[in-house]
Amino acid sequence: MKNTSAASYFSIGRLIVFVLYVIVGLATIYFVVTRAFPFLSFSYAENVYGKDAVLIFAHVVFGITATILGPFQFMPSIRKRNVKLHRTLGKIYLICTILGALASWTIMFPRNEADITYKIGLISLGFVWIGSAIMAYLSIKNKKVELHREWVVRSYVITLAFVIFRLFYDLIAPTQIKGLGALMAWACWALPLFVTELVLQGRKIYK
């Protein structure tokens, strides 16, 4: 009975993961094309953020790079057959998360006009983004492979936080909910991280 339950769990789990991959993939394309790419034009970034254009440009570049590199870290064909490439991409990903978060902090801290809940939510997102990537790096440096994989998953979920933010913000915005930006500043990473933890720890129950 236990083996049947475990098999059922993993079958459902694979289906859920596949559906999530499709949803996340489409949401990422939507975000990159409609929200991120325009900021790769420095003149556009300058019109929107003024003197902070350089920082937002850097944040977007590092964020897009981390978003694109992330899936390659999960590919067995690279992870198992080309370890050197896997490590190189991992180091670039780590650098991008750190620099991307630092650039966002430099923008957010001086913005006195920003709602404090919104501001702290995004600043906290930066801490979690850096922290999860560093934990993934330290885990593999100490040969804790399984721990490394878990932290990489958490890290990439955090990398996708702004994708989730923008998708749900655009979907909910027409309802004119008050404080939507502040709500999404926390919900875009805290809820996905909790769901990720349920999946990561739930798999261990049936091992």
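Computed from a prediction, not measured in an experiment: that's the story for all the values here.

1. Brief notes about the confidence of the model for the protein chain
Close inspection of predicted coordinates is inappropriate in any region flagged by low pLDDT.
Next up, step 1: In the predicted model, the protein chain carries a mean pLDDT of 83, and the fraction of residues at 70 or more is 86%.
Next up, step 2: Per-element confidence in the protein chain is highest for helix 7 (residues 145-159), whose mean pLDDT is 94, and lowest for helix 1 (residues 2-36), whose mean pLDDT is 66.

2. Thoughts on the side chain of histidine 59
Next up, step 1: Among the secondary structure elements, histidine 59 is positioned in helix 3 (residues 53-69).
Next up, step 2: The class of histidine 59 is buried, set by a relative accessible area of 14%.
Next up, step 3: In this structure, histidine 59 is in contact with Gly100, Ala103, Ser104, Trp129 and Phe162, ignoring residues within four places of it in sequence.

3. Topic: the pattern of salt bridges
Next up, step 1: A complete count under the given rule lists five salt bridges for this structure.
Next up, step 2: Among the salt bridges present, the one from glutamate 150 reaches lysine 204, with a minimum N-O distance of 2.9 Å. One end of the pair, glutamate 150, is in helix 7; the other, lysine 204, is in helix 9 (residues 180-205), and 54 residues separate them in sequence.
Next up, step 3: Judged by relative accessible area, which is 6%, glutamate 150 ranks as buried.
Next up, step 4: Between glutamate 197 and arginine 154 there is a salt bridge; the shortest N-O distance is 2.8 Å. Taken together, the residues glutamate 197 in helix 9 and arginine 154 in helix 7 connect sequence positions 43 residues apart.
Next up, step 5: Salt bridges sharing partners connect three or more residues here, namely Glu150, Arg154, Glu197 and Lys204.

Cut-offs and rules
- Residues numbered from 1 in each chain as written.
- Predicted model: local features only at pLDDT ≥ 70, side-chain atom pairs only at ≥ 80, totals over all residues.
- Heavy atoms only, no water.
- pLDDT = per-residue confidence, 0-100.
- Helix = DSSP H or I, 4+ residues; strand = E, 2+ residues; numbered from the N terminus.
- Buried < 20%, exposed > 50% of the residue type's maximum accessible area, 1.4 Å probe, protein only.
- Contact = heavy atoms within 4.5 Å.
- Salt bridge = Lys/Arg side-chain N within 4 Å of Asp/Glu carboxyl O.

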